Amino acid sequence: MKKFKIVSRILFLLNGLTAISLLLAYSASYVNPSIFWPISFFGLALPYFLIFNILFLVYWIFRGSKKLFLSLIILVLGYKSIPAFFQLRLNTEVVKESDLKIMSFNVRVFDLYMWTKDKKTRNKIFDLLVEEDPDVICLQEFYHTTNHSLYEFKTLDTLVQILSAKNYHAQYAKILRKTDHWGIITLSKYPIVGKGAVEFAIKDDNQCSYTDIDKDGQIIRIYNAHLASIKLDKYDYKAMQAVNKNDYSEDFDKELMMLSKIRYGFERRSLQSDSIAKHIQSSPYPCILAGDFNDTPASYAYHTIKGNMKDAFIEAGSGLGLTYIGDFPSFRIDYLLHDEKFVAKKYKTHPEELSDHHPISTYLEVK
């Protein structure tokens, strides 16, 4: 009996630590990483803290102990956070011909560097876009070249040729040799009547564009955003794999370098999200935002950009909606957000693994 009491106290202590951690994770959405960055790491781990607290809750219920109220209260306090990570519904909504279908996809430069080790990946991406036939397509990590030796990567020419969405707004962050272009692109079946860029305080490879389309006489502003990535290299991924195996470097130098990069990513995204949110607030038209945030729903970036907008995954999605594919733990980091003037239907996280991101799409009905 004495041993059981000791075990029970230890478990309740661990329960308390996970409860406090979950509270800190909830607050990560509201604390700017530029002011206090450590809180962002708790937000990154929010799904795990949720699971731990649920397990403790179940355990104390099974034991018939009043200690269950600790996790119960913490879970109730953060009930609004759960829908952003998990949805349970059947996509039974009826799509109308007038609904706007929008897709977002980080195409990872169409596998230019052969990460997938499949020469057909680029064409598979084209085939997917043709099959889905969205009204609006937002691509991040877009690559296009006019170099004759890389004819197969004249992707802009190909997209305009094969897609119904032939109107486009391309914005490039980097141009090399006057022929090779890296950036983002928005393609639309509807006429483009205005376009521009959201200016970031720090100039780098990340961008956000806006494209105004005329859908049957109504102007809609489409934002296409690609926020700062962590930029982990192969050494960081090796360090991460080593941590998973409880195998650390002697001076923790590799682990500290990896954490430093993650911290810098949090801080850069906070500045970028502030700029995007401000621009959205000044928009004269109803807005839709698609993009790769490189951050989770428990982040300051997501919370800031979303503002009063709706998240199509929460409105019409199902399951976990995980979009990242890679060595780093999988999260939902790609989003389709929209004004309250739209209703989301049939949100889908596409299963294809043609990049390090899954494509996402939804139908939007104008109220």
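Heads up: the structure comes first, above all this text.
Every value quoted in this text rests on a predicted model; they were computed, and no experiment measured them.

(A) Representation of the pattern of salt bridges in the model. Considering all chains together, one arrives at 14 salt bridges under this definition. A salt bridge links Asp 216 to Lys 215; the shortest N-O distance between them is 3.4 Å. Here Asp 216 falls in the exposed class, since its relative accessible area comes to 64%. With a closest N to O distance of 2.9 Å, Arg 332 and Asp 311 form a salt bridge. Linking Arg 332 in the loop between helix H10 (312–316) and strand E10 (334–338) with Asp 311 in strand E9 (residues 310–311), this pair joins segments that are 21 residues apart in sequence. Accessibility expressed as a relative area gives 3% for Arg 332, which makes it buried. Taken together, the salt bridges that share partners define one network made up of Lys 96, Asp 99, Lys 345 and Glu 365.

(B) A look at helix H5 (residues 121–132). Helix length check: H5 (twelve residues) gives 16 Å between terminal C-alpha atoms against 16 Å at 1.5 Å per residue, within 8%. Inspection of H5 places Thr 121, Arg 122, Ile 125, Phe 126, Leu 128, Leu 129 and Glu 132 among the buried residues, and these make up the whole buried set. Down the axis of H5, the sector holding all buried residues measures 160°, keeping them to one side. Of the exposed residues in H5, those oriented more than 90 degrees away from the buried face are Asp 127 and Glu 131.

(C) Summary view of the sheet that holds E10. Reading across the sheet, the six strands line up as E5-E6-E7-E8-E10-E9 and stay open at both edges, with mixed pairing between neighbours. If you trace the sheet from one side to the other, it starts and ends with strand E5 (192–197) and E9, each paired once. For strand E7 (residues 218–226) and strand E8 (residues 287–292), the ladder comprises six bridges, and the chain directions are parallel. Directly across from Asn 224, in E8, lies its bridge partner Ala 290.

(D) Inspection of unusual backbone geometry at higher detail. One non-glycine residue, Phe 110, lies in positive phi territory at about 55°. Relative to the helices and strands, Phe 110 resides in the loop between strand E1 (100–106) and H5. Despite not being glycine, Lys 346 has its phi angle at roughly 45°, a positive value. On the secondary structure map, Lys 346 appears in strand E11 (residues 342–349). The exposure class assigned to Lys 346 is partly exposed, which follows from its relative accessible area of 29%.

(E) Structural view of the packing of aromatic side chains. Enumeration according to the criterion identifies 15 aromatic pairs in this entry. Summarising the aromatic geometry, the rings of Tyr 59 and Trp 60 are spaced 4.9 Å apart at their centres and angled 70° between planes, so their arrangement reads as edge-to-face. For Trp 60, a relative accessible area of 2% puts it in the buried group. Summarising the aromatic geometry, the rings of Tyr 113 and Trp 115 are spaced 5.3 Å apart at their centres and angled 70° between planes, so their arrangement reads as edge-to-face. Trp 115 sits in the partly exposed class, given a relative accessible area of 39%. Feature note: the residues Phe 110, Phe 126, Phe 142 and Tyr 172 constitute an aromatic cluster, connected by ring pairs.

About the criteria used
- Residues numbered from 1 in each chain as written.
- Predicted model: local features only at pLDDT ≥ 70, side-chain atom pairs only at ≥ 80, totals over all residues.
- Heavy atoms only, no water.
- Salt bridge = Lys/Arg side-chain N within 4 Å of Asp/Glu carboxyl O.
- Buried < 20%, exposed > 50% of the residue type's maximum accessible area, 1.4 Å probe, protein only.
- Helix = DSSP H or I, 4+ residues; strand = E, 2+ residues; numbered from the N terminus.
- Expected span 1.5 Å × (residues − 1).
- Arc of directions from axis to C-beta.
- Pairing = 2+ DSSP bridges.
- Phe/Tyr/Trp six-rings, centres within 6.5 Å; stacked < 30°, edge-to-face > 60°.

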